[in-house]
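Residues per chain, in single letters:
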Amino acid sequence: QVQFVESGGGLVQPGGSLRLSCAASKSIFSIYSMGWYRQAPGKSRELVAILTSSGRTNYADSVKGRFTISRDNAGTTVYLQMNSLKPEDTAVYYCNRGEASLTLSWGQGTQVTVSS
């Protein structure tokens, strides 16, 4: 079973930036579509960014133009560059397969808090 470890979260002021990283225990990012999800308090988990194995990207409307998903050439780390952060971006962020119906075991996630 693949294990994901997310990192890079923290407290940032509105308008600030963070770069999240996701490491997998197996080199799968070049095989599967990968996604970044987030879950805010009291809300269901939502998919915010997808990177296909061929390199295509797709974003939720709420983050389009502000977030960028990418991966390293080795296919072992996926990143989420988050710019122009807003308080409504506050959530725990997770990575997993980009197909929401085919997700693997979830990691611990990384907390992102946007507040002044």
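Predicted model only: the values in this text are computed from it and were never measured.

Cut-offs used in this document
Throughout this description, residue numbers start from 1 for each chain and increase along the sequence as written. Where local features are concerned, this predicted model is filtered to residues with pLDDT of at least 70; where side-chain atom pairs are given and counted, the filter is 80 or more; whole-chain, interface and lining totals use all residues. By convention in this description, side-chain values take in all heavy atoms of the structure and omit both hydrogens and water. Note on terminology: pairs of cysteine sulfur atoms within 2.5 Å are recorded as disulfides. The numbering of helices and of strands both runs from the N terminus, where a helix is a DSSP run of H or I of at least 4 residues and a strand a run of E of at least 2. Throughout, exposure labels follow a simple rule: accessible area from a 1.4 Å probe, protein chains only, divided by the maximum for the residue type, with under 20% read as buried, over 50% as exposed, and the rest as partly exposed. Think of it this way: DSSP has to see at least two bridges between two strands before they count as a pair. Put simply, a nonpolar core is a bunch of buried Ala, Val, Leu, Ile, Met, Phe, Trp, Tyr and Cys residues held in one set by side-chain atoms that sit within 4.5 Å of each other. Contacts are assigned to residue pairs with any non-hydrogen atoms lying within 4.5 Å of each other.

Just checking my understanding: could you explain the state of the cysteines for this structure?
By definition, a disulfide is the covalent link that joins the sulfur atoms of two cysteine residues. What the rule picks out here adds up to one disulfide. Between Cys-22 and Cys-95 runs a disulfide, and the two sulfur atoms are separated by 1.7 Å. Negative torsions about the S-S bond denote left-handed disulfides, and the value of about 45° found for Cys-22 with Cys-95 makes this one right-handed. With Cys-22 in strand β3 (residues 18-24) and Cys-95 in strand β9 (residues 91-97), this residue pair connects regions lying 73 residues apart in the sequence. An identical accessibility class is assigned to Cys-22 and Cys-95; each is buried.

Quick question: what am I supposed to make of the pairing of strand β1 (residues 4-7) here?
Put simply, side chains in a regular strand alternate between the two faces of the sheet. Judged by which residues are buried, β1 turns out to be one-sided: Phe-4 and Glu-6 face inward and are buried, whereas Val-5 and Ser-7, on the alternate face, are not. When β1 meets β3, the two strands line up antiparallel, connected through four bridges. In the strand pairing of β3, Phe-4 is matched with Ala-24.

Even after reading the chapter, I still don't get the nonpolar core, so can you show me in this structure?
Side chains that are nonpolar tend, in soluble globular proteins, to be buried together. In this structure, Phe-4, Trp-36, Leu-80, Met-82 and Tyr-93 are the most contacted members of the largest nonpolar core, which totals 30 residues. Elements represented by at least two residues in this core include exactly β3, β4 (34-39), β5 (46-51), β7 (67-71), β8 (77-82), β9 and β10 (110-114). A per-element tally of this core places β3 first, with four residues. With residues near it in sequence (within four places) discarded, Tyr-93 still touches Glu-6, Leu-20, Trp-36, Tyr-37, Arg-38, Phe-67, Leu-80, Met-82, Gly-109, Thr-110 and Val-112.

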